[in-house]
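Each chain is listed here by its residues.
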Amino acid sequence: MAKADRYSPSSSPLYERFPLKYTSHRILDVVVSLLLASLLIYRLLHLHHHGIAWLIALSCESWFAFFWLLAVSTKWTPAEFKTYPERLSERVEERELPAVDMFVTTADPVLEPPIITVNTVLSLMAVDYPVSKLACYVSDDGCSPLTYYSLVEASKFARLWVPFCKKYNVHVRAPFRYFSVAEVSSGNGESSEFRQECEKMKEEYGKLCCKIEEATGKQPSSWDVTYSGDLAAFAHVERRNHPTIIKVIWENKYDTWAGEEGLPHLVYISREKRPEHPHHYKAGAMNVLTRVSGVMTNAPFMLNVDCDMYANNPLIVRYAMCVLLDARREEGFVQFPQSFYGALKDDPFGNQLVVLFQFVGAGISGIQGAFYGGTGCFHRRKVIYGLCPVDNTGEFSEKELLRIFGTSIEFAESAGLALKGHTNSQTNTSRGRLLDSVEVANQVAGCSYESSSNWGKPNIGWQYGSTTEDVLTGLGIHTRGWSSVMCNPYPVAFLGCAPTGGPASLTQQKRWATGLLEILISGRNPLISVFTAKLQFRQCLAYLWIMIWGLRSIPELCYSLLPAYCLITNSNFLPKLQDPGIYIVIAPLAAYTVYTLLEYSQTGLSIRAWWNNMRMARIVATGPRFLSLLSVICKVLGLSETVFEVTQKDTTSSSDDDQSQHDVASRFTFDGSLMFVPGTVLVNLAALGIGLVTGFGDGSGLGEVISCVVLLSFFWPFVEGLFVGRGKYGIPLATVGKSFTLALVFVLSFITRRPKSA
Ligand SMILES: O=c1ccn([C@@H]2O[C@H](COP(=O)(O)OP(=O)(O)O[C@H]3O[C@H](CO)[C@@H](O)[C@H](O)[C@H]3O)[C@@H](O)[C@H]2O)c(=O)[nH]1
Ligand SMILES: [Mn+2]
């Protein structure tokens, strides 16, 4: 059978898109929209009877209505994709499957303990795919000998672990998860031989952990002693000032088709860093991974995962190939949703993103396709190299390739092949190839390599200029007219860890909002691309909806200040309770509440999870997102640069079923960050507002008081942090001081507007 037939459009498809019917959502979409419209009309009609508070309420509500319409548009035509891996194996022989380069990024051995990275790498090396087609590249921005050492030890363990997983068809191939589940079982029943081998694996994994822990425990000075031999390269390195270190930890040296034998290649990369060269955080790391893998294995497809996102479903590569090999249409990339392991019950920090992935994910699947989420994504190499769906010939002169991709002839050659679609199907075409290419790899991983090239600029590689390089890179791909697919297999493809505690959760939200705003104010704003390029209109609206998260903090903050403002100035922004107008205000809120409750119940989440998410949405909107706005303003004014602050990965909460442990982990914590100031101010003012109630004359009414109470309940963790919390559970004194001052300024500026009571 000719190759073309295997993927031909006439045979049954390898994946399909199905439109989804969410009738109740559509009805509620319309109802809420109509109710919002009537609220705005009502506000407008009664504007002249009311003061400034009414006007502010009107403008905030107009903003909310605008956000709402963007959301409706995003979710209006939901769809989902189904993939058929069994058809793939019927149609494509194992040895004809394409090669895949797998990238793992890590940046800090303290925030990201090496044992986490090790587990991710092990899970990838053990995926159910011909080993000779796989290569795993780890980028270490921490330049840590500990990470390197851990990977070397892990590769030794992998020689036992990978065959074990394949022999018994183990479901979970990240050992820390596999051994933490009480009932360890394989897919093939429970033979005594399996029991025995499993015990042995557990023991070996235990030894690996011990070695890594021991090495972690050592002081840096005692590491010096061991900076010999293999570790010599790490002697005297500073994290932000060191040459490239590339180490081929394991090269799969089978000359020919190796079937299930052996292990995929494993390569460690710590790119060169110099203080005077911007390194562009994760985007920079991804580009180095792309180039190094380009000169080493040059697979046509690339999978990238964060160091904490282990492969939970061993079939992931096959799922992705269903989409990427289907001949009916060429998709730009395949994204798997982000899910989390050891997730705290009821999502206390509102960051498990279940509802977001389900409904917004389905919504954009019905337009141009999933956003690129930075992890759990398969890209085509040629798309990352800037190809458009139309210019599929991909012919470039060598001169052009050198101009675009930098001065390495070897890399330009490999890029030329990738763009034409002639890439290795096997990653180990010649023995010792990896080691031979280390020198070139060193060159392309250097920090000045990109200076006279297009890396990070529009269309080439991972995009620079935003701390959400993922969304920006995906947007670029959609802008060129590619579509993408959200693949949602069962069991879940990848599992990572969601941040816990106040500071880590809010820092992540701040980085996201900052990065998205950076895109909004750049030339790559989707509103421009929709006219000048091939971004679909509703896809543009979907991008806008997430990108204005930071801007949205302004109306959120104003709206949250309104009740206190009214009580301080004895004015009102709500109709009196006896005025029928109050129903016009309450109705859209009530309908919205029903809508969100429906979404949470349909995803199988509890009311508590719903409430936690609603609460965190307010805390995030007024705190970190407001600060993201300020930091982007500072960037525009040239006062400071935005930075990628790495999230702390938890190793402790991962396998605790213990209730008290759980309660501790789900408690909100604070630190001295400015992100906690707005919330504290709001709590102060709301409490003051309630205290100021002096009989309801023509001024404020019960509505404003109730609003303050609702606000306090949203910000309850702050109330606790102010009055009962101690240590990390309490709001630091400095933050309280700043907040008090701001609250006082607020009160003093407005108290004079309070009419003297008669
Ligand atoms: O200078 C850096 C900074 C970060 N990273 C890596 O980037 C990944 C994501 O960092 P993390 O702190 O875990 O951020 P998250 O908020 O969890 O990441 C989400 O959001 C990021 C964009 O803000 C995306 O890049 C990620 O893929 C996405 O999972 C991790 O593997 C890091 O090691 C680097 O390689 N170099
Ligand atoms: Mn992460």
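Note that the structure is predicted; figures quoted are calculated from it, not measured.

Enquirer: Please set out the overall build of the protein chain residue by residue, giving values where relevant.
Expert: Of the regular secondary structure elements, the protein chain holds 30 helices and 13 strands. A compact globule built from 758 residues would reach a C-alpha radius of gyration of about 27 Å, and the protein chain, at 28 Å, matches this within 12%. Structurally, the protein chain occupies a C-alpha span of about 95 × 60 × 55 Å along its principal axes. For the protein chain, the proportion of contacts with a sequence separation of at least 24, taken over those separated by at least 6, is 84%. Carbon and sulfur atoms form 60% of the exposed surface of the protein chain, whose accessible area is close to 30800 Å².

Enquirer: Outline the sheet that holds strand 3 (residues 100-106), supporting the account with residue identities and numerical values.
Expert: Strand pairing in a sheet relies on backbone hydrogen bonds, with the paired strands running either antiparallel or parallel. In space, the 8 strands of this open sheet follow the order 5-6-4-3-7-11-9-12, with mixed pairing throughout. Each of the sheet's edge strands pairs with one partner strand only, and the pair in question is strand 5 (245-250) and strand 12 (484-486). Here the average twist between neighbouring strands, direction ignored, is 20 degrees. Judged from the 7 bridges that link them, strand 3 and strand 4 (residues 134-140) form a sheet pairing that is parallel. Across the sheet, Asp-101 pairs through a bridge with Ala-135, a residue of strand 4.

Enquirer: Report on the pairing of strand 5, specifying residues and quantitative values.
Expert: In terms of burial, strand 5 is largely enclosed, as 5 of its 6 residues are buried. Pairing of strand 5 with strand 6 (residues 265-270) involves 5 bridges; the strand directions are antiparallel. Within strand 6, the position partnered with Val-248 by the bridge is Val-267.

Enquirer: Give a description of the UniProt feature "transmembrane region" (unreviewed entry) in the protein chain that names residues and reports values.
Expert: With numbering matched to this structure, UniProt assigns "transmembrane region" (unreviewed entry) to residues 27-45, 51-72, 541-562, 582-598, 619-638, 674-694, 701-719 and 731-751. Annotation note: span residues 541-562, helix share 77%, strand share 0%, distance between end C-alpha atoms 29 Å. Secondary structure across residues 731-751 comprises 90% helix and 0% strand; the distance between its end C-alpha atoms is 27 Å.

Enquirer: Explain the environment of Leu-733 to me, using residue names and the numbers behind them.
Expert: Following the sequence through the fold, Leu-733 ends up in helix 30 (residues 733-751). Taking the relative accessible area as the measure of exposure, Leu-733 reaches 76% and is therefore exposed. In this structure, the C-alpha to C-alpha distance between Leu-733 and Glu-90, residues 643 residues apart in sequence, is 66 Å.

Enquirer: Please set out the sheet that holds strand 8 (residues 310-311) residue by residue, giving values where relevant.
Expert: Pairing is mixed in the open sheet, where 3 strands are placed in the order 8-13-10. Both outer strands of the open sheet, strand 8 and strand 10 (339-340), are each paired with one neighbouring strand and no more.

Enquirer: Before we move on, could you go through the packing of aromatic side chains and cite the residues and values that matter?
Expert: In total, this model carries 53 aromatic pairs according to the counting rule given. Ring geometry for Phe-234 versus Tyr-268: centroids 5.8 Å apart, planes at 65 degrees, classification edge-to-face. Separated by 34 residues along the polypeptide, Phe-234 in the loop between helix 9 (220-226) and strand 5 and Tyr-268 in strand 6 bring together distant segments of the chain. Each member of the pair Phe-234 and Tyr-268 is classed as buried. Sitting over the ring of Tyr-84, Arg-87 keeps its end group 4.0 Å from the ring centre.

Enquirer: Pulling in residues and values, what's your account of the pattern of salt bridges?
Expert: In the structure shown here, the tally under the stated rule is 29 salt bridges. Asp-346 serves as the salt-bridge partner of Lys-345, at 3.3 Å between the closest nitrogen and oxygen. Bridged by salt links that share partners, the residues Glu-94, Asp-128 and Arg-318 form one connected network.

Enquirer: Report on the site of ligand 1, specifying residues and quantitative values.
Expert: In the neighbourhood of ligand 1, 24 residues make up the surrounding shell, with Asp-141, Asp-306, Glu-469, Thr-647 and Lys-649 lying closest. Here Gly-374 contributes a backbone N or O atom positioned 2.9 Å from an oxygen atom of ligand 1. Take Thr-467: an N or O atom from its main chain is 3.1 Å from an oxygen atom of ligand 1. Coverage of ligand 1 by the protein chains reaches 97% of its 680 Å² of free accessible surface. Among the elements of the structure, strand 3, helix 10 (281-296), helix 18 (469-479) and helix 19 (502-520) are those that each provide at least two residues to the shell around ligand 1. It is helix 19 that contributes the most residues to the shell around ligand 1, 3 residues altogether. Among the residues forming the shell around ligand 1, the class breakdown is 6 nonpolar, 10 polar and 8 charged.

Enquirer: An account of the pairing of strand 4 is needed here, citing residue identities and associated values.
Expert: Of all 7 residues in strand 4, 7 are buried, a share of seventy percent or more. Alternating residues of strand 4 divide into Leu-134, Cys-136, Val-138 and Asp-140 and Ala-135, Tyr-137 and Ser-139, and every residue in both groups is buried. For the crossover from strand 3 across helix 5 (residues 114-125) to strand 4, the handedness is right-handed. Pairing of strand 4 with strand 6 involves 5 bridges; the strand directions are parallel. Bridging across to strand 6, Ala-135 finds its partner in His-265.

Enquirer: Which residues make up the packing of helix 3 (residues 52-75) against helix 21 (residues 537-547), and what values do they have?
Expert: The interhelical angle for the contact between helix 3 and helix 21, taken along N-to-C directions, is 130 degrees, at an axis separation of 9 Å. In terms of orientation, helix 3 and helix 21 fall into the oblique class. Handedness of the helix 3/helix 21 crossing: left-handed. Here helix 3 contributes Phe-67, Leu-70, Ala-71, Ser-73 and Thr-74 to the contact with helix 21, which in turn contributes Arg-538, Leu-541, Ala-542, Leu-544 and Trp-545. For the contact of helix 3 with helix 21, the per-class residue count stands at 7 nonpolar, 2 polar and 1 charged.

Enquirer: Now, about the nonpolar core: what can you tell me, with residues and values included?
Expert: With 84 residues, the main nonpolar core has Val-100, Trp-161, Phe-336 and Phe-494 as its most contacted residues. For this core, the leading source of residues is helix 6 (residues 145-167), giving 10 residues. Not counting residues within four places of it along the chain, the set of residues in contact with Phe-336 comprises Ile-316, Tyr-319, Ala-320, Thr-375, Gly-376, Phe-378, Met-486, Cys-487, Pro-489, Ala-493 and Phe-494. Grouped together as the second largest cluster of nonpolar side chains are 52 residues, Ala-53, Leu-344, Leu-574 and Leu-722 included.

Enquirer: So, a negative patch on the surface: which residues are in play, and what are the values?
Expert: A cluster of acidic residues, Glu-398, Glu-410, Glu-413 and Glu-439, forms a negative patch on the protein surface. Here Glu-410 is to be found in helix 15 (residues 409-420). A relative accessible area of 41% places Glu-410 in the partly exposed class.

Enquirer: Hey, could you go over unusual backbone geometry for me, with residue numbers and the actual values?
Expert: Most peptide bonds adopt trans geometry, and most residues besides glycine take a negative phi value. The linkage connecting Tyr-490 with the following residue, Pro-491, adopts the cis geometry, with an omega of -10 degrees. Tracing the sequence through the fold places Pro-491 in the loop between strand 12 and strand 13 (494-496). One non-glycine residue, Tyr-281, adopts positive backbone phi at about 45 degrees. Within the secondary structure, Tyr-281 sits in helix 10. One non-glycine residue, Asn-459, lies in the positive phi region at around 80 degrees. Along the chain, the position of Asn-459 falls in the loop between helix 17 (438-444) and helix 18.

Enquirer: Now, about the environment of Ile-367: what can you tell me, with residues and values included?
Expert: Within the secondary structure, Ile-367 is located in the loop between helix 12 (354-365) and strand 11 (377-380). Excluding anything up to four places from it in sequence, Ile-367 contacts Arg-17, Ser-73, Thr-74, Thr-77, Gln-536, Arg-538 and Gln-539.

Enquirer: Explain the confidence of the model for the protein chain residue by residue, including any values.
Expert: Of all residues in the protein chain, 92% have pLDDT values of 70 or greater, and the mean over the chain is 90. The weakest mean pLDDT in the protein chain belongs to helix 1 (residues 3-6) at 48; the strongest belongs to strand 11 at 98. Residue range residues 1-5 is modelled with pLDDT below 50. Its contacts to residues more than four positions away, or to other chains, number 2 contacts. Confidence metrics for the complex model read pTM 0.94 and ipTM 0.99.

What counts as what
Residues numbered from 1 in each chain as written. Chains lettered and ligands numbered in written order. Predicted model: local features only at pLDDT ≥ 70, side-chain atom pairs only at ≥ 80, totals over all residues. Heavy atoms only, no water. Helix = DSSP H or I, 4+ residues; strand = E, 2+ residues; numbered from the N terminus. Rg over C-alpha atoms; globule rule 2.2 N^0.38 Å. Contact = heavy atoms within 4.5 Å. Areas by Shrake-Rupley, 256 points an atom, 1.4 Å probe, with all protein chains shown as cover. Pairing = 2+ DSSP bridges. Axes fitted to C-alpha atoms, helices over the stretch in contact; angles between N-to-C directions. Buried < 20%, exposed > 50% of the residue type's maximum accessible area, 1.4 Å probe, protein only. UniProt positions renumbered as here; feature names shortened; annotations may be inferred. Phe/Tyr/Trp six-rings, centres within 6.5 Å; stacked < 30°, edge-to-face > 60°. Lys NZ or Arg CZ within 6 Å of the ring centre and 35° of its normal. Salt bridge = Lys/Arg side-chain N within 4 Å of Asp/Glu carboxyl O. Near = heavy atom within 4 Å. Polar contact = N/O pair within 3.5 Å; in protein donor to acceptor, adjacent residues only side chain to side chain. Nonpolar A, V, L, I, M, F, W, Y, C, P; charged D, E, K, R; others polar. Right-handed = clockwise from strand over helix to strand, strands pointing away. Parallel < 35°, antiparallel > 145°, perpendicular 65-115°, else oblique. Left-handed = near helix turned anticlockwise from the far one by under 90°. Core = buried A, V, L, I, M, F, W, Y, C linked by side-chain atoms within 4.5 Å. Patch = residues over 30% accessible without salt bridge, like charges linked within 9 Å, V, L, I, M, F, W, Y side chains within 5 Å. Lys, Arg positive; Asp, Glu negative; His and termini not counted. Charge placed at Lys NZ, Arg CZ, Asp CG, Glu CD. pLDDT = per-residue confidence, 0-100.

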